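A structural walkthrough
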Amino acid sequence: MQKIRLNILGLSVSQTQSGAYALVLSEENGDRRIPIIIGPVEAQAIAIQLEGLKPPRPLTHDLIKNLALAFNIVLLEVVIHKLEEGIFYSELFCEMDGREVKIDSRTSDAVALALRFRCPIYTTEEILSKAGIVLEADEGKQPGTANVSEKSEPPGSSPFSRYTLQELEEMLSEAVQNEDYEKASVLRDEINNRKKN
């Protein structure tokens, strides 16, 4: 089986299922994308890691990583190996005591763990042929690129635009402490946008 490496392109609200999110993975050396519908809890676990937020207590995937490291288990790679009736199936390839162990996993959990272990995510040509889509290039962008998670809001339209940078950073800290990661993500974007300008 020839493996094709995937990168995480982003998360967006699902257009087809209410309350769900689309995790978009992109082929590393190509234009194809794989959208995978995941639940809000799984999306939160992935978004927290993508945003670099540090929760005050370990979340489930952080706990799994801590347990694995405590017992000298290393996650080597994630492979999305099967697509059946619209459901993606993944395996975790781990190393423990010099031997490789393969563990069945939901794809959303596998991606959340891959982010935490900083390990590669792969799939097969068969799955890319079945589920891969090529997005039309936006004006002004290179062909084959897309910003799935970017929101195109006019400047000053953020609900936090009236706050100072210091107030935003205090609100971000409070949101993380309260485990309101959705709000924390929006605040972090606002802070990053301010620092760029």
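Here is what the cut-offs are and how they apply
Residues numbered from 1 in each chain as written. Predicted model: local features only at pLDDT ≥ 70, side-chain atom pairs only at ≥ 80, totals over all residues. Heavy atoms only, no water. Phe/Tyr/Trp six-rings, centres within 6.5 Å; stacked < 30°, edge-to-face > 60°. Lys NZ or Arg CZ within 6 Å of the ring centre and 35° of its normal. Core = buried A, V, L, I, M, F, W, Y, C linked by side-chain atoms within 4.5 Å. Buried < 20%, exposed > 50% of the residue type's maximum accessible area, 1.4 Å probe, protein only. Helix = DSSP H or I, 4+ residues; strand = E, 2+ residues; numbered from the N terminus. Contact = heavy atoms within 4.5 Å. Pairing = 2+ DSSP bridges. Expected span 1.5 Å × (residues − 1).

As named in an unreviewed UniProt entry, the chain is BFN domain-containing protein, taken from Mariniphaga sediminis.

Brief notes about the packing of aromatic side chains
For any pair of aromatic rings, the description consists of the separation of the ring centres together with the inter-plane angle of the planes. Counting across every chain of the model gives zero aromatic pairs. Seen from the ring of Tyr-122, Lys-3 lies directly overhead, with NZ or CZ sitting 4.7 Å from the centre. Positioned above the aromatic ring of Tyr-89, the side-chain terminus of Lys-82 is 4.5 Å from the ring centre.

With respect to the nonpolar core
Among the nonpolar cores identified, the biggest contains 31 residues, and Ile-34, Ile-46, Leu-75, Val-78, Ile-80 and Phe-88 are the most heavily contacted of them. Elements that contribute at least two residues to this core include exactly β1 (3-13), β2 (21-27), β3 (32-38), α1 (40-51), β4 (73-84), β5 (87-96), α3 (107-117) and α4 (125-131). Discounting residues that sit within four places of it in the chain, Leu-75 has contacts with Leu-92, Phe-93, Cys-94, Leu-113, Ala-114, Phe-117 and Cys-119. Core analysis: the second largest hydrophobic core is formed by 13 residues, Leu-168, Met-171, Leu-172 and Ile-191 among them.

So, the sheet that holds strand β6 (residues 99-106)
Sheet strands associate in pairs through backbone hydrogen bonding, adopting either a parallel or an antiparallel arrangement. With mixed pairing, eight strands are arranged side by side in an open sheet as β6-β5-β4-β7-β1-β2-β3-β8. Unpaired on one side and paired on the other, β6 and β8 (133-134) mark the two borders of the sheet. Of the pairings in the sheet, the one linking β4 to strand β7 (residues 121-124) comprises three bridges and is parallel in character. Bridge pairing in β7 places Ile-80 opposite Thr-123.

Considering α1
Side chains three or four residues apart in an α-helix point the same way, a direct result of the helix having 3.6 residues per turn. Under the 1.5 Å per step criterion, the end-to-end length of α1 is 16 Å for twelve residues, consistent within 8% with the ideal 16 Å. If you check which residues of α1 are buried, you get Glu-42, Ala-43, Ala-45, Ile-46 and Ile-48. Just downstream of α1, Gly-52 is the residue with a positive phi angle, here 75°.

Considering the pairing of β3
Counting buried positions along β3 yields five of seven residues, so the element is predominantly enclosed. Judged from the six bridges that link them, β2 and β3 form a sheet pairing that is antiparallel. Bridge assignment links Ala-22 to a residue of β3, and that residue is Ile-37. Counting the residues in the hairpin turn of β2 and β3 gives four residues. Relative to β8, β3 runs antiparallel, the two being bridged by two bridges. Residue pairing across strands places Arg-33 opposite Ile-133, the latter belonging to β8.

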